[in-house]
Amino acid sequence: MECQWQPSKMIEVVVQAMTAIQAVYIRGWEERSAPQSHTVYRIEIQAHVRTWLMWRRYSDFDNLHTEITKAVGFPPPAPLPPKHKLSFIRSRTDPKLLEERRSGLETYLRAILSAKEDQWRESFAFKDFLGVPISRQGGGPPTQFTSATWLDEHIELQTRIRVVRADINKRDALSDRGDVGASHKANVTAKAKLAGLSSRISTLEKGLEELGLSGISEGELQRRTDMVARLRDDHEKLTRMVTVARQTSRSSAVSSNAPAVESDREALLGVTVVKPVTRVFGAQPKETEQTRPLDDHGIFGLQQVQIQEQDQQLAQLSTILRRQKQLGIAIGNEIGSQNELLDDLSNDVDRVGGKLTATNRQLNRLG
């Protein structure tokens, strides 16, 4: 009985065969000044049919060691070279220390590759560190992350959101020029690009929860949680924007059967049209550049978007005010406790002063 291979499985096997690592070398190091002065090590990875280079800092090795130790449950067979004292001053100018660290890091990587147990070299963190292509089912987005790949996925989603926003701006510009077909096409393109972002943001959020369980610091976890919240907020705003119907062109706003202007009617009929006296509350509404190209449905949609944005801003303001109230209550409680301590101290001072006065009197009698 013949075994039929699916194309995706066949591609995965080919990729694994091509990227099976044969050897790893750290050939040297390089000093870089951006964003701050630091040293990077040049790692040469040799596979069956190709060789590639990766540049990593010592802090990247440290993060790798932490992640694979947590993933496997115990550290790799070789220890990671320790940090030197005052290394931020000495190692950048001392070739001997740099060579010692280079050799130690190379031994560390080779020990993982040559170990009998494969749990370290088969871990996602190790493959990502060496730049080994990770097979993804169906070629979709990643579903598990390290600390570094999580940030890469966040940058990718930010880029896609900027692209969708550019398509919406293009749609608006084409609509203003009266190009109905191109405007509709740009809107459809924006919707298509926006469709898969929601699931990827959810995957990113789940990946952050897993990173939180793996020991990421509380401050970094909160920072990345805010990053995901901003991504989701941008996605919701763009989703509302692509549903706002834009008018095809400004020229179509003026219809051929529009009612005549009052001045033209008076000139034609020779009769002064008496306008009914009505009371107007507030100023007359004025057209703006934002509302002029919109029809009734578009204005209603825009109004709903603005109302939702105002509701969100009010909710954020309410959260800030509640936090300020809690801080005020905490400060008031602290001031109250401090006042009690001061009162106790004042009573103690008075009591000691009374004792000193009585003691002085007794001393005067004895003298």
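Here is what the cut-offs are and how they apply
- Residues numbered from 1 in each chain as written.
- Predicted model: local features only at pLDDT ≥ 70, side-chain atom pairs only at ≥ 80, totals over all residues.
- Heavy atoms only, no water.
- Helix = DSSP H or I, 4+ residues; strand = E, 2+ residues; numbered from the N terminus.
- Expected span 1.5 Å × (residues − 1).
- Buried < 20%, exposed > 50% of the residue type's maximum accessible area, 1.4 Å probe, protein only.
- Arc of directions from axis to C-beta.
- Pairing = 2+ DSSP bridges.
- Contact = heavy atoms within 4.5 Å.
- pLDDT = per-residue confidence, 0-100.
- Core = buried A, V, L, I, M, F, W, Y, C linked by side-chain atoms within 4.5 Å.
- Phe/Tyr/Trp six-rings, centres within 6.5 Å; stacked < 30°, edge-to-face > 60°.

1. Examining helix α8 (residues 197-213)
Part 1 of the reasoning: For α8, which comprises 17 residues, the first-to-last C-alpha distance of 25 Å matches the rise-based estimate of 24 Å (1.5 Å per residue) to within 8%.
Part 2 of the reasoning: Within the span of α8, buried status applies to L197, R200, I201, L204, G207, L208 and L211. Here the buried residues of α8 occupy an arc of 115° about the axis, which is enough to place them on one side. The outward face of α8, more than 90 degrees from its buried face, is lined by the exposed residues K206, E209 and L213.

2. Some details on the pairing of strand β2 (residues 38-47)
Part 1 of the reasoning: Taken across its 10 residues, β2 has 8 buried, putting it largely inside the fold.
Part 2 of the reasoning: Between strand β1 (residues 21-32) and β2, which pair antiparallel in sequence order, lie 5 residues.
Part 3 of the reasoning: Pairing analysis gives 7 bridges linking β2 to strand β3 (residues 51-57), with the strands arranged antiparallel. What sits directly across from Y41, in β3, is R56.
Part 4 of the reasoning: As consecutive antiparallel partners, β2 and β3 are separated by 3 residues.

3. Here's the deal with the environment of R102
Part 1 of the reasoning: Residue position: R102 is located in helix α4 (residues 95-114).
Part 2 of the reasoning: Since its relative accessible area comes to 13%, R102 is described here as buried.
Part 3 of the reasoning: Taking the C-alpha atoms as reference points, R102 and Y25, 77 residues apart in sequence, are found 9.7 Å from one another.
Part 4 of the reasoning: Once residues within four sequence positions are removed from consideration, R102 is found in contact with I26, R27, G28, W29 and Y41.

4. With respect to the confidence of the model for the protein chain
Part 1 of the reasoning: In the predicted model, the protein chain carries a mean pLDDT of 77, and 75% of its residues have values of at least 70.
Part 2 of the reasoning: For the protein chain, per-element mean pLDDT is lowest for helix α1 (residues 7-18), which scores 43, and highest for α4, which scores 90.
Part 3 of the reasoning: For residues 1-19, every residue scores under 50 in pLDDT, and the model assigns this stretch 13 contacts once sequence neighbours within four places are set aside.
Part 4 of the reasoning: Low pLDDT, under 50, characterises residues 245-258; the stretch is placed with 25 contacts to residues that sit more than four places away or in other chains.

5. Let's talk about the nonpolar core
It is characteristic of soluble globular proteins that their nonpolar side chains tend to be buried jointly.
Part 1 of the reasoning: Formed by 25 residues in total, the largest nonpolar core has its most connected members in I43, F61, L64, L109 and L130.
Part 2 of the reasoning: Elements with a contribution of two residues or more to this core: β1, β2, β3, α2 (58-72), α4 and α5 (124-129).
Part 3 of the reasoning: The element that contributes the greatest number of residues to this core is α4, accounting for 5 residues.
Part 4 of the reasoning: Grouped together as the second largest cluster of nonpolar side chains are 18 residues, L157, L208, L211 and L231 included.

6. Some details on the packing of aromatic side chains
Part 1 of the reasoning: Applying the stated criterion to the full structure yields 2 aromatic pairs.
Part 2 of the reasoning: Ring centres of F61 and F129 lie 4.9 Å apart, and the angle between their planes is 70°; this geometry places the pair in the edge-to-face category. Pair noted here: F61 is in helix α2 and F129 is in helix α5, with a separation of 68 residues, a long-range link.
Part 3 of the reasoning: Look at F61 and you get buried, because its relative accessible area is 0%.
Part 4 of the reasoning: Assessed through its relative accessible area of 5%, F129 is described here as buried.
Part 5 of the reasoning: Ring geometry for F74 against W120: centres 5.5 Å apart, planes inclined by 85°, an arrangement best described as edge-to-face. Residue F74 is located in the loop between α2 and α3 (87-90), and its partner W120 is located in the loop between α4 and α5; the two are separated by 46 residues in the primary sequence.

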